[in-house]
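Report on the structure
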Amino acid sequence: MSTDVHQHIWPPAFIELLRTRTAPPYLDGWTLHLAGEPPYEVDPADHDVTARTALAHADGLDLALVSLSSPLGIEHLPPAEAAPLLAAFHDGALALPAPFGVWASPCLSAPDTAPEAVERELRRGCVGLQLPATALLDAAGWDFCAPLLDVLTRHDKPLFVHPGTAPPTPGTPPWWPALVPYIHQMHASWFAFRAFGRARHPRLRVCFAALAGLAPLHGERLAARGGGRGKVDFDAFYETSSYGTRAVDALVRAVGIDVIVTGSDRPYAAPTVPDLGAAAATHALRTTNPARLLKGATP
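A brief structural summary. (Residues numbered from 1 in each chain as written. Predicted model: local features only at pLDDT ≥ 70, side-chain atom pairs only at ≥ 80, totals over all residues. Heavy atoms only, no water.)

Some details on the overall build of the protein
The criterion, for reference: Only DSSP runs of H or I reaching four residues or more are called helices, and only runs of E reaching two or more are called strands; each is numbered from the N terminus. Radius of gyration: C-alpha atoms only; globule rule: 2.2 Å multiplied by the number of residues to the exponent 0.38. Relative accessibility decides the category of a residue: with a 1.4 Å probe and only protein chains considered, values under 20% of the type maximum give buried, values over 50% give exposed, and everything between is partly exposed. Throughout, the Shrake-Rupley method with a 1.4 Å probe supplies accessible areas, and for residues the shown protein chains are the sole cover considered.
The helix and strand inventory of the protein stands at 11 helices and 11 strands. Relative to the globule expectation of 19 Å for 299 residues, the C-alpha radius of gyration of the protein, 18 Å, shows essentially globular dimensions. Judged by the C-alpha coordinates and their principal axes, the protein covers about 50 × 45 × 40 Å. Buried positions account for 52% of the 299 residues belonging to the protein. As displayed, the protein offers around 13,000 Å² of accessible surface, 58% of which is attributable to carbon and sulfur atoms.

Encoded structure:
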């Protein structure tokens, strides 16, 4: 089963709710307004279900996993604001045709009810849970999210860590959020997982977007500063969105090919197929490794 673990589609009801808002995140027509990023002109075709379904089939996908875009910040909105948006996203995404599947998203501002809500979405068919990296930057974050991760462990479902909201940084170019705060978040969340999360959740399968901000490439510096090199964690995965052959090849050298999975971040980036020199490598990234992320088993 050829799989892309990282795509985004906004269902129609979700789009309409974003248009009713007057504070970020909101849509003015097709212009997206976020607190920490410049206005973004959304292409309506990016969220046209018929067009995206045809595109997924043209990409040769048997499964394309869509998720709420965490840079919107919906997970951290007050419960009364987050609940209808999350419901519209989950209802619409779970109704998408094949080959789409869905990552669930929680309301992190309602910690008492979030585990029950996540469990409900998993029972409805979500493949696992997405959390913003901004919620997992340190020991306190991993501790706060522990009840949600316990739900995943009980259901044998994976976690997907995705960049969260970007802070306002006036005077920076439009690409700044994707290249600076997003990457810093992924880098920090990976080190926090290594330092605090794994010991608390030894059986959790977790996938870091954007190759975890290339954090595993700092293994030599980590060892030099007393953190140890450690063994490869075969239940910690890295998806490839926005990276090509050089970055993927470097990460393979650091952690091995068994934990790299294909993700595109459509519609915000086009999918790439890294040239790793063998058809077996492509099969691992697109088929074998995503299957293990979703279902488990040691390589």
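Concerning the pairing of strand S7 (residues 128–132)
Selection criterion: Handedness of a crossover is defined as follows: orient the strands so they point away from the viewer, and if the path from the first strand over the helix to the second runs clockwise, the crossover is right-handed. Should DSSP find at least two bridges between two strands, the strands are regarded as paired.
A large share of S7 lies buried, amounting to 5 of its 5 residues. For the crossover that starts at strand S6 (residues 100–104), traverses helix H4 (residues 114–124) and ends in the parallel S7, the hand is right-handed. Relative to strand S8 (residues 159–162), S7 runs parallel, the two being bridged by 4 bridges. By the bridge assignment for S8, Gln-130 is matched with Phe-160.

Let's talk about the pattern of salt bridges
For side chains of opposite charge, pairing can occur when their charged atoms come near one another. Heads up, the condition is: For salt bridges, the criterion is a side-chain nitrogen of Lys or Arg within 4 Å of an Asp or Glu carboxyl oxygen.
Scanning the model with the defined rule gives 12 salt bridges in all. In this structure, the salt-bridge partner of Asp-235 is Arg-292, at a minimum N-O distance of 3.9 Å. With Asp-235 in the loop between helix H9 (219–224) and strand S10 (236–239) and Arg-292 in helix H11 (residues 279–295), this pair connects stretches of sequence that are 57 residues apart. Among the residues examined, Asp-235 registers a relative accessible area of 25% and is labelled partly exposed. Overall, the relative accessible area of 7% leaves Arg-292 in the buried class.

As for the sheet that holds S10
The 8 strands lie next to each other as S1-S5-S6-S7-S8-S9-S10-S11, forming an open sheet whose pairing is parallel. Two strands lie at the open edges of the sheet, namely strand S1 (3–7) and strand S11 (260–261), each paired on one side alone. Of the strand pairs in this sheet, S1 and strand S5 (residues 63–66) are connected by 3 bridges, and their pairing is parallel. Bridging across to S5, Gln-7 finds its partner in Val-66.

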